Amino acid sequence: MAFDIDMIKKVYSQMAERVDAARDVVGRPLTLSEKILYNHLWDGKATKAFTRGKDYVDFAPDRIACQDATAQMALLQFMQAGKPKVAVPTTVHCDHLIQAKEGAAKDLKHANSVSSEVFEFLASVSNKYGIGFWKPGAGIIHQVVLENYAFPGGMMIGTDSHTVNAGGLGMVAIGVGGADAVDVMAGMAWELKFPKLIGVRLTGKLSGWTAPKDVILKVAEILTAKGGTGAIVEYFGPGATAMSCTGKGTICNMGAEIGATTSTFGYDESMERYLRATDRADVADEANKVKEYLTADAEVYANPEQYFDQVIDINLSELGPLLNGPFTPDLSTTVGKEMTEKATANEWPLQVEWGLIGSCTNSSYEDLSRASSIAQQAIDKGLKMKAELGINPGSEQVRYTAERDGILGIFEQLDAKIFTNACGPCIGQWARYSDPKNAPKNSIVHSFNRNFAKRADGNPNTHAFVASPELTAAIAISGRLDFNPMTDKLINEEGQEVMFDEPTGWELPPKGFAVEDAGYVEPVVDGSKVEVSVSPTSERLQLLTPFKPLGNKIEGAKLLIKAFGKCTTDHISMAGPWLRFRGHLDNISNNMLIGAVNAFGMKTNFVKNQLTGEYGGVPDTARAYKAAGVHTVVVGDHNYGEGSSREHAAMEPRHLGVAAVIVKSFARIHETNLKKQGMLGLTFANETDYDLIQEDDTFNFVDLNEFAPDKQLTLEVVHTDGSKDVIKLNHTYNQAQIDWYNEGSALNLIKKENNA
Ligand code: F3S
């Protein structure tokens, strides 16, 4: 199942009818993004126009991709649904759990030993449920997806923010939380707020040292890290069609860094070339038949201001190479003098210690070949590396081809470390220091997407700057952050002044791609006999047991914590070292709400156990209530659960006996996640009732037996002096969601329906 041509044919066969119907109901020409969205409506042909930024719409994605860190809980949950197979084509990619240290061979061996139980679990679940499995070392999820699965006009979701990379091949591809992926795997619809649309018109042509990376670094500068929130960014214009498909992928990939829902490009010849080069001529042939539906209507790009919510113009001929950072991907500086001034003023170390090329953003054959053209010049001109260089190829196919074509050999001549085809330093999986917290201040340059503090090496003092692969190579060779390869000379081993020529490279390998073992494992046709084994003593994996329904009588529940102020999913379920336990609900629950500030005492992870009068951590206190058979309630402020779609933030409270989360307002995704886990997510009808809640309060739900859509619930709050407040609570449960509650979780309901 390299890819599913029948599924693609089906998407294309319904396109004309559905897109034409959408154009009729919308009453104007359509953008590409709208065509893809309207062609993927769960309910089929559009019968009404949706309001951007407002309407929640059910979609039917074509594919799902999961990476190894997020797949664990997603698949553990899917196993609960009682389905024999996933409902839509799905793949799992092992790329996040591989540390970069000594080089590919040793590092991969090490990962296969320390994370073997996780990899074996993912492999066996994939085999059982018809999921394509990409082994450790096969490559980075988004590069592998672009090479094998992405197709123009398709819609996919993935349990990773950079799923958006597939926009480079004309998809609407969106990063989601595990709970959303599980719904789609189980055959349910996927809900999304109909996005706003930002158009980016690219005129001119990239040349010299300017790369696709610089386009997105410029867009990040213009829109800032939040400017794309809730929007699809659609690129068009002559500058777009002149760019390679993998270059488009780079631009879409970093759309995540401006908060965009996703980014995309219309189908063009670069995509056709890429499809044919990656052994998908049949997809290109099918796409060619529906070409006009795989790009916007002509009027849209002629008068974009009329059809997009915002339009940005970038003339590629005037764009120069940029370095973005440190600590945020939207802080742009042009190479050379401006960097000298900024770095000096801000005390950014000018000496560069590492250059890193890779990540899902920039690890294509073209990226490696352009960077290697600079490395080759360093060899030819007698230059010595002033910084260290590390390379993570994007996939085994890219690595194998680049090795065959001598590209990796060029880097190796400069003593570069070739790391595994995996995320490595991009996700902190870089064993650079023995004690990163106390490591020295330094600068690095990389071709990745994110450069937050500690992201690459765990050292808060590492200043990471983001650049194109070719500029990363040049800066690493020069060892200077403010090196301008277009004007600056370097002194070679013989004391002569030399300069770099402009980088050159191949969009696609001239001799074609090749690979011996791509690292793909096809699932068996009938997985019913496949055993999924999880050791009961494992500390990283734990099979889930279905949650029991909370019932319609919740009385005597105790306040667990009244969270004060901001309470994001990170406060509820911290990341960092806890990521190790993502597949073990009981162990990861030891981080539940430890980042939230308790309104009583204003400390974190310090709450009262009303049963003993003693104070302790939130998880321990919750466990004590649970052991005593007492439900608990979490109270919170505005926008509770904002941040990520992490399902652990809902599963942990459910696991530790929290019956209800009552807040002034919710971040919508978290609210839905609570509903999916079969618990109560409620809001104060009167916000000031938050102030009534006291530390020793007990809660009685008075009319839960009448739980119904659009009907408030009543809560009796009993204070320690015996006085009571009776307050009203709002909710947004529809009947289906109340059914989830009644069954104990959405997955319990799916399982019940399966067995019916
Ligand atoms: Fe991996 Fe970094 Fe991309 S963690 S998926 S290479 S953003």
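Residues numbered from 1 in each chain as written. Predicted model: local features only at pLDDT ≥ 70, side-chain atom pairs only at ≥ 80, totals over all residues.

How should the site of the ligand be read in this particular structure?
Contacts to the ligand come from 13 residues, most closely from Ser359, Cys360, Cys423, Cys426 and Ile427. Grouping the constituent residues of the shell around the ligand by class yields 6 nonpolar, 5 polar and 2 charged. Summarising the domain contributions, the shell around the ligand has at least three residues from each of domain 1 (5-43 + 52-318) and domain 2 (322-490). (Near = placed C-beta within 6 Å. Nonpolar A, V, L, I, M, F, W, Y, C, P; charged D, E, K, R; others polar. Domains from an automatic or database assignment.)

Could you clarify how one ought to interpret helix H18 (residues 396-404) in this entry?
Think of an α-helix as turning once every 3.6 residues; residues three or four places apart then point the same way. Within H18, the full set of buried residues consists of Glu396, Gln397, Val398, Arg399, Thr401 and Ala402. For H18, the elements touching its buried residues are helix H7 (141-148), helix H17 (365-380) and helix H19 (407-413). Positive backbone phi, approximately 85°, marks Gly406, located one or two places after H18. (Buried ≥ 20, exposed ≤ 12 C-beta atoms within 10 Å, placed from the backbone. Helix = DSSP H or I, 4+ residues; strand = E, 2+ residues; numbered from the N terminus. Contact = placed C-beta atoms within 7 Å.)

Just checking my understanding: could you explain the domain arrangement of the protein chain for this structure?
Buried accessible area, meaning the area lost when the parts come together, often serves as the stated size of an interface. Structurally, the protein chain comprises domain 1 (5-43 + 52-318), domain 2 (322-490) and domain 3 (557-755). On a C-alpha basis, the centres of domain 2 and domain 3 stand 44 Å from each other.

Could you clarify how one ought to interpret the confidence of the model for the protein chain in this entry?
Residues shown with low pLDDT carry predicted positions that ought not to be read at fine detail. A residue-level look at the protein chain finds 100% of positions with pLDDT of 70 or above and a mean pLDDT of 96. The complex prediction reports pTM at 0.94, with the ipTM value standing at 0.99. (pLDDT = per-residue confidence, 0-100.)

Got a minute to help me understand the packing of helix H4 (residues 68-80) against helix H6 (residues 116-129) in this structure?
The geometry of a pair of packed helices is captured by two quantities: the angle between their axes and the separation between those axes. In the contact formed by H4 and H6, the axes pass within 10 Å of each other and the chain directions differ by 45°. As judged from the angle between their axes, H4 and H6 are oblique. For the crossing formed where H4 meets H6, the hand is left-handed. Every residue of H6 that contacts H4 at Asp68, Ala71, Gln72, Leu75, Phe78 and Met79 is listed here: Val118, Leu122, Val125 and Tyr129. Looking at the contact of H4 with H6 residue by residue, the classes come out as 8 nonpolar, 1 polar and 1 charged. (Axes fitted to C-alpha atoms, helices over the stretch in contact; angles between N-to-C directions. Parallel < 35°, antiparallel > 145°, perpendicular 65-115°, else oblique. Left-handed = near helix turned anticlockwise from the far one by under 90°.)

I keep staring at helix H3 (residues 32-39) and nothing clicks. Help me out?
With 8 of 8 residues buried, H3 is to be regarded as a mostly interior element. Within H3, the full set of buried residues consists of Leu32, Ser33, Glu34, Lys35, Ile36, Leu37, Tyr38 and Asn39.

Even after reading the chapter, I still don't get the environment of Ser535, so can you show me in this structure?
With respect to the element layout, Ser535 can be found in the loop between strand S21 (520-521) and strand S22 (557-564). Along the primary structure Ser535 and Phe121 are separated by 414 residues, whereas in three dimensions their C-alpha atoms are 9.9 Å apart.

Explain the nonpolar core here, please?
Side chains of nonpolar character tend, in soluble globular proteins, to be buried together. Of all hydrophobic cores here, the largest spans 178 residues; its most connected members are Leu122, Ala150, Leu169, Met171, Ala181, Phe411 and Ile475. Of the residues forming this core, the biggest block, 7 residues, is contributed by H4. With residues near it in sequence (within four places) discarded, Leu169 still touches Leu146, Ala150, Phe151, Pro152, Cys245, Met271 and Tyr274. Within the second largest apolar cluster, 50 residues are counted, among which are Leu593, Ala596, Ile693 and Val717. (Core = buried A, V, L, I, M, F, W, Y, C linked by C-beta atoms within 7 Å.)

When you look at the pairing of strand S30 (residues 713-718) in this model, what are you seeing that I'm missing?
For a regular strand, side-chain orientation follows a simple rule: the groups alternate between the two sheet faces. The side-chain alternation of S30 yields one buried face, formed by Leu713, Leu715 and Val717, and one unburied face, formed by Thr714, Glu716 and Val718. Two strands pair when backbone bridges link them, and strand S29 (residues 698-701) and S30 are joined in this way by 4 bridges, in the antiparallel orientation. Counterpart to Asn700 in the pairing with S30 is Glu716. The pairing of S30 with strand S31 (residues 724-730) spans 6 bridges and is classified as antiparallel. (Pairing = 2+ DSSP bridges.)

What's the story with the sheet that holds strand S3 (residues 90-93) in this structure? I'm lost.
Sheet strands pair by backbone hydrogen bonding; their relative direction is either parallel or antiparallel. Strand order in this open sheet of 6 strands is S6-S5-S2-S3-S4-S21, and the pairing throughout is mixed. The sheet terminates laterally at strand S6 (172-175) and S21, the two strands that pair on one side only. Where strand S4 (residues 132-134) meets S21, 2 bridges bridge the pair, whose relative direction is antiparallel. The residue of S21 that forms the bridge with Phe133 is Val521. Together, strand S2 (63-67), S3 and strand S5 (155-158) form the strand contacts of helix H8 (residues 178-185), whose direction differs from that of S2 by roughly 140°.

Is there a simple way to explain the pairing of strand S26 (residues 632-636) in this structure?
Extensive coverage of S26 is indicated by the burial of 5 of its 5 residues. The alternating pattern of S26 places Thr632, Val634 and Gly636 and Val633 and Val635 on opposite faces, both of which are buried. Across 4 bridges, the pairing between S22 and S26 is parallel. From the neighbouring strand, Ile561 faces S26, where its bridge partner is Val634.

Honestly, the sheet that holds strand S8 (residues 196-203) in this entry has me stumped. Any pointers?
Strand order in the open sheet formed by 4 strands is S10-S9-S8-S11, with parallel pairing between adjacent strands. The sheet is open, and its two edges are formed by strand S10 (262-265) and strand S11 (310-315), each paired on a single side. Sheet twist, expressed as the average angle between the axes of neighbouring strands with direction ignored, equals 20°. Relative to S10, strand S9 (residues 231-236) runs parallel, the two sharing 4 bridges. Its bridge partner being in S10, Tyr235 is matched across the sheet by Phe265. On top of the sheet, helix H9 (residues 212-223) reaches S8 and S11; it is set at about 135° to S11, its chief contact.

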